[in-house]
Amino acid sequence: MSIQLLNSFLAPTYENFPKGRIISLVVLRKTLSETIFRTEGTGEPICREFVHTGSTSSKSIIERLVMTKRKQVAPERRKGREFLRAYNLLRTVKKKEEELMCSLNTNAPCEMCVDCFLYGFAAGGGGAQKSRVWTEDAFSLLPANELLADRTINGVYENGTMRLRKEEEEDKEKASKSLNTSEYIKPGVHFLDVVTLKDVTADEFRYIVGNILLTSRYGAVSSRVGRMENQILGVFGGIAELPSSLELVQSVHDAFTASGKALEHPFEQQAIADATKQVISNWTNKRGVSVKLSDAEVTELIADVDRNWSEDERETFLKRLDASYEPFRHAPAESKKGKNKSKPKDTEAGG
Ligand SMILES: [Zn+2]
């Protein structure tokens, strides 16, 4: 099994202290529908950044779309947490006499579930766990202005349409007047991304990769926008991080320029995948990067992840992962503003 090829960079068990083992993933993310990386209707622009076009001689600058760290990780955590919830693996936390279920973006992490141990938390009670899943902003290959479009959205009546009654369809004037212009990312836009995993166990690795591969909605939450697909193009092991997402996208831009292929939207998925694989093929020459899985090994690795997430094995897999933290669990210190920082570890176990 190819996960064993990563053994020197996997932690045998969860530990409280880092030991410099790094596994990195190169991820190609592609929009499959209109996508909006901001809260819908707030009017803030979609995130973009001026950066150098390529990595080498080129001094030219382009404005690239940015998929921020938060826009990547939050939906992927939510995906995993759906299954933790399904198997009762999220814990509750006591706050002011109230039993609260561990939840994201509230001040009540349970500090005991798989998600808390792996993606980290900052707790009111003074405890904190650093995330072991490090992400960076991912960049589009092409300039932002080629990848964005505006749509004017009519306000929708309560019957779910833009008109009050179907009969009125001929009456063009009756269409809802509340118009809203919304900027969106076109379907078929690619983002290149490097994800860094620090001191994770084999099961934690499977959990993270499963979350990345199973998450299919990003950005503004809605049933019709935000569909995306992720493909893992490379898996590395080492003691140092890979080049950044920005360096990756710049090098891929260089590779396209050198090959004389057209750089225009929409890209063929295979063309980008090939150019990216070419760029990362010699990354084991970088300091501290020692293992790169071959394409066949990556395929085998993903099959291993899929098997663990399958209908037959998912519950066993997630419960095994959950149980691996048992020796390290203790109830979160109650938040009485710094008073309890050195509270004994085994007080009032919340269950
Ligand atoms: Zn939790």
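Okay, so let's go over this structure. (Residues numbered from 1 in each chain as written. Predicted model: local features only at pLDDT ≥ 70, side-chain atom pairs only at ≥ 80, totals over all residues. Heavy atoms only, no water.)

Observations regarding the overall build of the protein chain
Stated precisely, the cut-off is as follows: Every helix listed is a DSSP run of H or I at least four residues long, and every strand listed is a run of E at least two residues long, numbered separately from the N terminus. Remark: exposure states derive from per-residue accessible area (1.4 Å probe, protein chains only) relative to the maximum for the residue type, with buried under 20%, exposed over 50%, and partly exposed in between. Only heavy atoms matter for contacts: two residues are in contact if any of them lie within 4.5 Å across the pair. For the accessible areas, the method is Shrake-Rupley and the probe is 1.4 Å, while residue cover comes only from the protein chains on display.
Secondary structure summary: the protein chain contains eight helices and 14 strands in total. When each of the 351 residues of the protein chain is scored for burial, the buried share is 48%. Restricting to contacts in the protein chain with at least 6 residues of sequence separation, those with at least 24 account for 73%. Surface summary for the protein chain: the accessible area is close to 17,900 Å², and the carbon and sulfur share equals 50%.

Overview of the packing of aromatic side chains
Spelled out, the test is: What counts as a ring pair is set by centres within 6.5 Å for rings of Phe, Tyr and Trp (its six-membered ring), and what kind of pair is set by the plane angle: stacked under 30 degrees, edge-to-face over 60, tilted for all other angles.
Overall, the coordinates contain ten aromatic pairs when judged by the stated rule. For the pair Phe83 and Trp309, a centre-to-centre distance of 5.4 Å together with 75° between the ring planes defines the contact as edge-to-face. With Phe83 in helix 1 (residues 69-86) and Trp309 in helix 7 (residues 295-309), this pair connects stretches of sequence that are 226 residues apart. Judged by centre distance (5.9 Å) and plane angle (25°), the ring pair of Tyr207 and Trp309 falls under stacked. Here Trp309 lies in helix 7 and Tyr207 lies in helix 4 (residues 202-214), a separation of 102 residues in the sequence. There is no split in this pair, since Tyr207 and Trp309 are both buried. Through successive ring pairs, a cluster of aromatic residues spans Tyr14, Phe117, Tyr325 and Phe328.

A short note on the coordination of the zinc ion
Four donors placed tetrahedrally around a metal ideally meet at 109.5 degrees, and six donors placed octahedrally ideally meet at 90 or 180 degrees. Short version of the rule: Donor atoms (N, O, S) are those found within 2.8 Å of the metal centre, with the cutoff raised to 3.2 Å for Na, K and Ca; water is not part of the atom list, so apparent gaps in a site can occur. Each label reflects the angles at the metal, where four donors whose angles all fall between 85 and 135 degrees are tetrahedral, four or six donors whose opposite pairs open beyond 155 degrees and whose other angles stay between 65 and 115 are square planar or octahedral respectively, and the rest are irregular.
The protein atoms donating to the zinc ion are Cys102 (SG), Cys110 (SG), Cys113 (SG) and Cys116 (SG), with metal-donor distances spanning 2.3 to 2.4 Å. Geometry at the zinc ion is tetrahedral, judged from its four donor atoms and the angles of 103 to 119° they form at the metal. Spacing between the donor residues of the zinc ion along their common chain follows C-x7-C-x2-C-x2-C. A relative accessible area of 0% means that Cys113 is categorised as buried.

What about unusual backbone geometry?
Working note: non-glycine residues mostly have negative phi, and peptide bonds are mostly trans. His265 connects to Pro266 through a cis peptide bond whose omega is -5°. Along the chain, Pro266 turns up in the loop between helix 5 (245-259) and helix 6 (269-280). In this structure, Asn88 takes a positive phi of about 55° despite not being glycine. In this structure Asn88 comes out as exposed when scored by relative accessible area, which is 65%. Positioned with a positive phi, Asp199 is a non-glycine residue whose angle comes to about 50°. Relative to the helices and strands, Asp199 is located in the loop between strand 12 (190-198) and helix 4.

A short note on the packing of helix 1 against helix 4
Heads up, the condition is: Lines fitted to the C-alpha atoms define the axes, with helices restricted to the stretch that makes contact. Angles between their N-to-C directions range from 0 to 180 degrees. Oblique is the label for any angle not under 35 degrees, not over 145, and not in the 65 to 115 range, which are roughly parallel, roughly antiparallel and roughly perpendicular in turn. The hand of a helix crossing depends on one turn: near helix anticlockwise from the far one by less than a right angle means left-handed, and clockwise means right-handed. All residues other than Ala, Val, Leu, Ile, Met, Phe, Trp, Tyr, Cys, Pro, Asp, Glu, Lys and Arg, Gly among them, are scored as polar; the first ten of these are nonpolar and the last four charged.
At a closest axis distance of 8 Å, the pairing of helix 1 and helix 4 adopts a crossing angle of 110°. Taken together, the axes of helix 1 and helix 4 lie roughly perpendicular to each other. Here helix 1 runs over helix 4; the crossing is right-handed. Residues Glu76, Lys79, Gly80, Arg81 and Leu84 of helix 1 form the contact with helix 4, whose participating residues are Tyr207, Asn211, Ile212 and Leu214. Across the contact of helix 1 with helix 4, the residue classes break down as four nonpolar, two polar and three charged.

Observations regarding the nonpolar core
Across soluble globular proteins, nonpolar side chains have a tendency to be buried as a group. Note the following rule: For our purposes a nonpolar core is just a set of buried Ala, Val, Leu, Ile, Met, Phe, Trp, Tyr and Cys residues, chained together by side-chain atoms within 4.5 Å.
Counting 44 residues, the largest nonpolar core has Leu25, Leu197, Phe205, Tyr207, Val235 and Leu318 as its most contacted members. For this core, the secondary structure elements donating two or more residues are strand 1 (22-31), helix 1, helix 2 (114-119), strand 12, helix 4, strand 13 (228-238), helix 7 and helix 8 (314-323). Those residues in contact with Val235 that sit more than four places away from it in its chain are Leu6, Ile23, Ser24, Leu25, Phe205, Val291, Lys292, Leu293, Val298 and Leu301. Formed by 39 residues, the second largest nonpolar core is a distinct cluster that contains Ile185, Leu192, Val194 and Ala271.

Looking at helix 1
This is how it is decided: Helix span is expected to be 1.5 Å times the residue number reduced by one.
When the terminal C-alpha atoms of helix 1 are compared, their 26 Å separation across 18 residues agrees well with the 26 Å that a helix rising 1.5 Å per residue should span. Residues of helix 1 that are buried: Gln72, Val73, Ala74, Pro75, Glu76, Arg77, Lys79, Gly80, Arg81, Phe83 and Leu84. Directly beyond the C-terminal end of helix 1, a positive phi value near 55° is found at Asn88.

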